Amino acid sequence: MSDRASTHPTPPSGGPPPERERDRDRTHAHDPERQVPREDPAAVPGAHVEDRAGARPAADPALTATPPTDRFLGMVAISPLTRRRLHNFRANRRGYWALIVFVVLFVLSLFAEFIANDKPLLVRYDGDFFVPVLVSYPETAFGGEFETEAEYRDPFVKDLIAEKGWMVWPLVPFSYRTINYDLPQPAPSPPDSVNWLGTDDQGRDVLARLIYGFRLSVLFGLALTVFSSVVGVAAGAVQGYFGGWTDLIFQRVIEVWQGLPVLYLLIIMSSFIIPGFWTLLFLMLLFNWMALVGVVRAEFLRARNFDYVRAAKALGQPDRVIMFKHVLPNAMVATITFLPFILTGAITALTGLDFLGFGLPPGSPSLGELVQQGKSNLQAPWLGFTAFFALAVMLSLLVFIGEALRDAFDPRKAVGPIPGRGHAARPAAQPKAAE
């Protein structure tokens with residue numbers, strides 16, 4: 001009894017013995033009416049069913065399809081966070097359209113030689129085609145007498161070309177340095193059908209100088225913004241990452257450097273340095289690199305104690321890799337929002353120096369020189385109005401773009417659903433009012 005009891009344990013009270021359960025299962029397996037219906041695997045969505053040959057059919061593509069990759073303009077892969085920021089930027093209609101208008105104006109100014117020039121775009125002479133806007137041709141190529149470059153506004157050259165061909169002129173038949181000797185009255189002359197915005201006190205077309213001056217101001221501002229941002233970000237990263245005496249010494253040097261009278265130093269340097277685009281850019285870079293130091297320094301001071309930075313140090317990563325590969329991308333969020341305002345400051349600084357006569361060389365197309373012309377010729381109000389509206393429109397567009405960038409990178413801003421995604425942004429938590 002003891003051996004049999006140990007081999008067949010006693011079932012719990014109220015249940016059949018194990019031998020009887022096994023007999024019942026065998027009986028049900030051979031009785032079709034008592035078989036328990038089983039769930040068909042093919043009826044389960046997304047389940048894989050093997051046929052008799054062992055083949056494994058494809059799963060439901062609607063359930064196994066990978067989500068589409070986010071791409072900017074259909075080319076560059078972007079993260080969902082970047083897509084959210086782009087959508088937030090487009091939600092700010094004022095900043096979005098300001099960016100479009102500014103980009104269109106800047107791109108058009110890049111082709112200023114094809115819009116405002118004293119050389120024809122295309123010349124047809126004696127069966128041959130010439131492109132004076134790109135290639136210099138001597139006067140002898142059109143039947144003239146001199147080997148020097150042809151002066152296409154000269155009536156003699158015009159008659160030579162008109163005898164055997166024709167010319168296609170740009171929209172504005174003047175360059176920024178072209179003097180119109182056929183003015184109906186002494187310069188500065190008011191706007192007319194030839195000079196749409198009039199001329200300055202030297203007989204030069206104001207519209208042509210405005211187009212070239214806009215391009216020069218924006219290019220100078222962009223170059224100064226890029227170089228000053230690179231130097232400022234590097235200095236702020238070194239200060240914030242290492243801290244201690246490095247941060248203390250750098251801060252004292254920056255405080256002394258910021259206390260220098262920048263305008264007087266630029267005036268003194270301009271007196272013994274030949275003015276030019278790159279020399280003036282270098283002089284202004286000496287004092288404009290400190291704009292982003294404080295922002296980047298604060299971000300690095302905050303991020304250097306994070307766990308991922310400590311883990312990178314524990315893994316033996318060098319400091320330069322941790323600074324510029326791990327910490328810097330997080331610090332760039334606050335940096336990007338300042339760039340349009342730095343560009344605005346660079347353009348206004350160049351305009352102020354040109355107005356005072358310590359900027360670009362004389363004769364250069366500059367908005368500051370146009371402002372100075374308006375001040376010196378109060379009897380010609382079109383000069384002052386043109387300079388004022390050009391600067392007001394350009395700086396307003398940059399300010400609108402900067403505000404839109406600030407809102408796009410602000411995590412507290414919430415907008416509607418992203419197009420093509422079907423889900424809305426989570427609204428920002430609002431502070432409760434004090435009861």
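Cut-offs and rules
Residues numbered from 1 in each chain as written. Predicted model: local features only at pLDDT ≥ 70, side-chain atom pairs only at ≥ 80, totals over all residues. Heavy atoms only, no water. Helix = DSSP H or I, 4+ residues; strand = E, 2+ residues; numbered from the N terminus. Buried < 20%, exposed > 50% of the residue type's maximum accessible area, 1.4 Å probe, protein only. Contact = heavy atoms within 4.5 Å. Areas by Shrake-Rupley, 256 points an atom, 1.4 Å probe, with all protein chains shown as cover. Axes fitted to C-alpha atoms, helices over the stretch in contact; angles between N-to-C directions. Parallel < 35°, antiparallel > 145°, perpendicular 65-115°, else oblique. Nonpolar A, V, L, I, M, F, W, Y, C, P; charged D, E, K, R; others polar. Left-handed = near helix turned anticlockwise from the far one by under 90°. Salt bridge = Lys/Arg side-chain N within 4 Å of Asp/Glu carboxyl O.

### A short note on the overall build of the protein chain
Here is step 1 of the chain: In terms of regular secondary structure, the protein chain is built from 17 helices and five strands.
Here is step 2 of the chain: In the protein chain, which comprises 435 residues, the proportion classed as buried is 34%.
Here is step 3 of the chain: Taking all contacts inside the protein chain whose residues are at least 6 apart in sequence as the whole, residues at least 24 apart take part in 62%.
Here is step 4 of the chain: Just so you have it, the protein chain exposes about 26,800 Å², and 63% of that area is on carbon and sulfur atoms.

### Examining the packing of helix H4 (residues 80–91) against helix H5 (residues 93–110)
Here is step 1 of the chain: Running from N to C, H4 and H5 point in directions that differ by 90 degrees, and their axes come no closer than 5 Å. When the interaxial angle is binned, H4 and H5 end up roughly perpendicular. Within the contact between the two elements, H4 uses Phe89, Arg90 and Ala91 and H5 uses Arg93, Gly95, Tyr96 and Leu99.
Here is step 2 of the chain: Class assignment for the residues of the contact of H4 with H5 results in four nonpolar, one polar and two charged.

### Topic: the packing of helix H8 (residues 206–242) against helix H12 (residues 293–303)
Here is step 1 of the chain: At a closest axis distance of 7 Å, the pairing of H8 and H12 adopts a crossing angle of 35 degrees. Seen along the crossing, H8 lies across H12 with a hand that is right-handed. In this structure, H8 contributes Gly232, Val233, Ala235, Gly236, Ala237, Gln239, Gly240 and Tyr241 to the contact, and H12 contributes Val293, Val296, Arg297, Phe300 and Leu301.
Here is step 2 of the chain: Residues that form the contact of H8 with H12 fall into these classes: eight nonpolar, four polar and one charged.

### Notes on the pattern of salt bridges
Here is step 1 of the chain: All chains considered together, the criterion is met by eleven salt bridges.
Here is step 2 of the chain: In this structure, Arg209 engages Glu369 in a salt bridge whose closest nitrogen and oxygen atoms are separated by 3.2 Å. Separated by 160 residues along the polypeptide, Arg209 in helix H8 and Glu369 in helix H16 (residues 367–376) bring together distant segments of the chain.
Here is step 3 of the chain: Two residues, Glu299 and Arg302, come together in a salt bridge whose shortest N-O distance is 2.8 Å. In this pair, Glu299 and Arg302 are both assigned in helix H12, three residues apart and thus about one turn of the helix distant.

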